[in-house]
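Below are the chains, spelled out letter by letter.
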Amino acid sequence: MTSQTIANAPTSDQIRRAPKVLLHDHLDGGLRPGTVVDLARGTGYTDLPHTDPDKLALWFHQAADSGSLERYLETFTHTVGVMQTRDALVRVAAECAEDLAEDGVVYAEVRYAPEQHLEDGLTLEEVVEAVNEGFRLGEWRARENGHRIRVGALLTAMRHAARALEIAELANAYRDQGVVGFDIAGAEAGHPPTRHLDAFEYLKRENNHFTIHAGEAFGLPSIWQALQWCGADRLGHGVRIIDDIQVRDDGTVELGRLAAYVRDKRIPLELCPSSNLQTGAASSYADHPIGLLRRLHFRATVNTDNRLMSHTSMSREFEHLVEAFGYTLDDMQWFTVNAMKSAFIPFDERLAMINDVIKPGYAELKSEWLFRQTASTSASSLTEG
Ligand SMILES: O=c1[nH]cnc2c1ncn2[C@@H]1O[C@H](CO)[C@@H](O)[C@H]1O
Ligand SMILES: [Zn+2]
């Protein structure tokens, strides 16, 4: 093996230090286990299955590892349950920004459903303002610790509920004030996105941006509706687009009309490998469609979805992919640039992030092998000699 091929396999440390961009992460799916316990105690929430943080972390991971999206989503009762006060929201959002920054994420869009945080009397506006305040605090604390991160919020409406238009209006009202777009989430089967057409049409009239969870627990019809009826800018997951791609025995590949559209139009796919393994959308990392989608040059991005439930981070997702597909720093850069191109912030800011933060960050990492000291040139051997 030459020095260069060794340099091609990123180490865990390089993966963590590499600049990463995260487009699909749920605020209520990424709490620190210790924070869930603390907040439950402070707010009088008594339904937690464990009060020991380690046991609770394991419980979330195992309960979410159910093979069904519906059961996976049940675990959110406990995180949403402790996120009903202003202080709790500020704390969770601040810790989210800090944890992502610590993991090398330089830009993140983090989503949550304001309508799920009203049980103790907060208004929708108070929820958004508390989360924004937390993100700003977390960005500042990260900076104090030597990490730079920028976090934008996506407001989610729950697809089984009927508040999508109201939440879309909220996203529009807080545009340029911390909120960068809109999403719908929740159980996919039986809840088509077309039920919320009024919200999507409103956002389009307002020249605003949105993504839709589609093609995760339900297949091509859901992706088709999200794009062709609702006009989504990105697909939350979209992993089932694989059902419209045929790989023949001789290795040739044929794209159906929908898959071709998604690739031709450069529709971003917010892929979340670990989450898909838990909900049954993929059987192993090596079998995850991300490998084929990357080879076929779809606009694929790597995401965490729910760091608590999936016991993951951006670095962990990349570690799994490096192991499964032999990805290099060049592949990581490709996914990261894809994600940054697909973000909902203005074009000039995306470009500056790519050219001034992401590319220099990878160039720095890629050049490290040149300066690596071998045993024969290490300081100790030189001074000993
Ligand atoms: O992978 C997912 N698919 C669909 N919905 C999800 C997923 N992860 C989380 N949520 C839902 O989004 C809400 C707001 O953040 C969460 O409360 C959860 O119900
Ligand atoms: Zn999600």
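Residues numbered from 1 in each chain as written. Chains lettered and ligands numbered in written order. Predicted model: local features only at pLDDT ≥ 70, side-chain atom pairs only at ≥ 80, totals over all residues. Heavy atoms only, no water.

**Some points on the coordination of the zinc ion (ligand 2)**
Looking at the zinc ion (ligand 2), the protein donor atoms are His-24 (NE2), His-26 (NE2), His-213 (NE2) and Asp-305 (OD), and they sit 2.1 to 2.2 Å from it. Geometry at the zinc ion (ligand 2) is irregular, judged from the four donor atoms that bind it and their angles of 83 to 171 degrees at the metal. (Donors = N, O, S within 2.8 Å, 3.2 Å for Na, K, Ca; no water. Tetrahedral: all angles 85-135°; square planar, octahedral: opposite > 155°, others 65-115°.)

**Points about the site of ligand 1**
Around ligand 1, 16 residues are found, and the nearest of them are His-26, Asp-28, Gln-116, Glu-216 and Asp-305. In this structure, His-26 approaches ligand 1 through a side-chain N or O atom, which is 2.7 Å from an oxygen atom. Between a nitrogen atom of ligand 1 and a side-chain N or O atom of Asn-306, the distance comes to 3.0 Å. Bound to the protein, ligand 1 loses 98% of the 410 Å² it would expose on its own. (Near = heavy atom within 4 Å. Polar contact = N/O pair within 3.5 Å; in protein donor to acceptor, adjacent residues only side chain to side chain. Areas by Shrake-Rupley, 256 points an atom, 1.4 Å probe, with all protein chains shown as cover.)

**Brief notes about the UniProt feature "active site" (unreviewed entry) in the chain**
The UniProt feature table records "active site" (unreviewed entry) at Glu-216. Glu-216 gets classed as buried once you look at its relative accessible area, which sits at 4%. If near-sequence neighbours (up to four positions away) are discounted, Glu-216 is found in contact with Leu-69, Glu-188, His-237, Val-239, Arg-240, Ser-275, Asn-276, Thr-279, Ala-281 and Asp-305. (UniProt positions renumbered as here; feature names shortened; annotations may be inferred. Buried < 20%, exposed > 50% of the residue type's maximum accessible area, 1.4 Å probe, protein only. Contact = heavy atoms within 4.5 Å.)

**Observations regarding the pairing of strand E4 (residues 179-185)**
Side chains on a regular strand alternate between the two faces of the sheet. Taken across its seven residues, E4 has seven buried, putting it largely inside the fold. Pairing between E4 and strand E5 (residues 210-214): three bridges, direction parallel. Among the inter-strand pairings, Phe-182 is bridged to a residue of E5, identified as Phe-210. For the crossover that starts at E4, traverses helix H10 (residues 197-205) and ends in the parallel E5, the hand is right-handed. (Helix = DSSP H or I, 4+ residues; strand = E, 2+ residues; numbered from the N terminus. Pairing = 2+ DSSP bridges. Right-handed = clockwise from strand over helix to strand, strands pointing away.)

**Things to note about unusual backbone geometry**
Non-glycine residue Asp-176 carries a positive phi angle of around 65 degrees. Its place among the elements puts Asp-176 in the loop between helix H9 (164-173) and E4. Under the relative-accessibility criterion, Asp-176 is labelled exposed at 75%. Residues other than glycine seldom take positive phi values, yet His-297 does so here, at roughly 60 degrees. Given the relative accessible area of 45%, His-297 is considered partly exposed.

**Quick word on the sheet that holds strand E10 (residues 300-302)**
A sheet is described by the order of its strands in space; here eight strands give the open sequence E1-E2-E3-E4-E5-E6-E9-E10, paired in parallel fashion. With partners counted over all chains shown, the strands left at the sheet margins are strand E1 (20-26) and E10, one partner each. Direction aside, neighbouring strands of the sheet carry axes that sit 25 degrees apart on average. Where strand E6 (residues 234-237) meets strand E9 (residues 269-271), two bridges bridge the pair, whose relative direction is parallel. Within E9, the position partnered with Leu-235 by the bridge is Leu-269. (Axes fitted to C-alpha atoms, helices over the stretch in contact; angles between N-to-C directions.)

**Let's talk about the UniProt feature "site: Important for catalytic activity" (unreviewed entry) in the chain**
In this numbering, the UniProt entry assigns the feature "site: Important for catalytic activity" (unreviewed entry) to His-237. Contacts of His-237, omitting those with residues within four sequence positions, involve His-24, His-213, Ala-214, Gly-215, Glu-216, Leu-269, Glu-270, Leu-271, Cys-272, Ser-275, Asn-276 and Asp-305. Within the structure, the side chain of His-237 is placed 3.3 Å from the side chain of Asn-276, a separation counted as a polar contact.

**A look at the nonpolar core**
Core analysis: the largest hydrophobic core is formed by 113 residues, its most contacted members being Leu-27, Tyr-107, Phe-135, Phe-182, Ile-212 and Met-340. Among the elements that take part in this core, helix H7 (residues 86-102) stands out by supplying nine residues, more than any other. If sequence neighbours within four positions are ignored, Met-340 has contacts with Val-21, Tyr-107, Ile-345, Arg-350, Met-353, Ile-354 and Ile-358. (Core = buried A, V, L, I, M, F, W, Y, C linked by side-chain atoms within 4.5 Å.)

**Quick notes on the state of the cysteines**
Inspection of every chain in the model, using the stated rule, returns zero disulfides. Cys-96 forms no disulfide, and the closest cysteine sulfur to it belongs to Cys-272, at a distance of 14 Å. Looking at the unpaired Cys-230, the closest cysteine sulfur is the one in Cys-272, lying at 19 Å. For Cys-230, a relative accessible area of 0% translates into the label buried. (Disulfide = S-S within 2.5 Å.)

**Things to note about the side chain of His-213**
Along the polypeptide, His-213 turns up in strand E5. Judged by relative accessible area, which is 5%, His-213 ranks as buried. Here the side chain of His-213 touches Ile-184 through a polar contact of 2.9 Å, landing on its backbone oxygen. Once residues lying within four places of it in the same chain are set aside, the contact partners of His-213 are His-24, His-26, Arg-111, Arg-159, Asp-183, Ile-184, Ala-185, Glu-188, Gly-236, His-237 and Asp-305.

**Comments concerning the pattern of salt bridges**
Going through the model one piece at a time under the given rule, you end up with 21 salt bridges. Put simply, Asp-330 and Lys-366 hold a salt bridge, and the shortest N to O gap is 2.7 Å. Pair noted here: Asp-330 is in helix H16 (residues 329-341) and Lys-366 is in helix H17 (residues 347-366), with a separation of 36 residues, a long-range link. (Salt bridge = Lys/Arg side-chain N within 4 Å of Asp/Glu carboxyl O.)

**Examining helix H15 (residues 314-325)**
Since the α-helix turns once every 3.6 residues, residues separated by three or four places project in the same direction. The terminal C-alpha atoms of H15 lie 16 Å apart, and with 12 residues this matches the ideal 16 Å at 1.5 Å per residue to within 8%. For H15, every residue scored as buried is listed here: Met-314, Ser-315, Glu-317, Phe-318, Leu-321 and Val-322. Across the axial projection of H15, the buried residues extend over an arc of 155 degrees, all falling on one side. One or two steps after H15, the chain reaches Gly-326, where phi turns positive at roughly 65 degrees. (Expected span 1.5 Å × (residues − 1). Arc of directions from axis to C-beta.)

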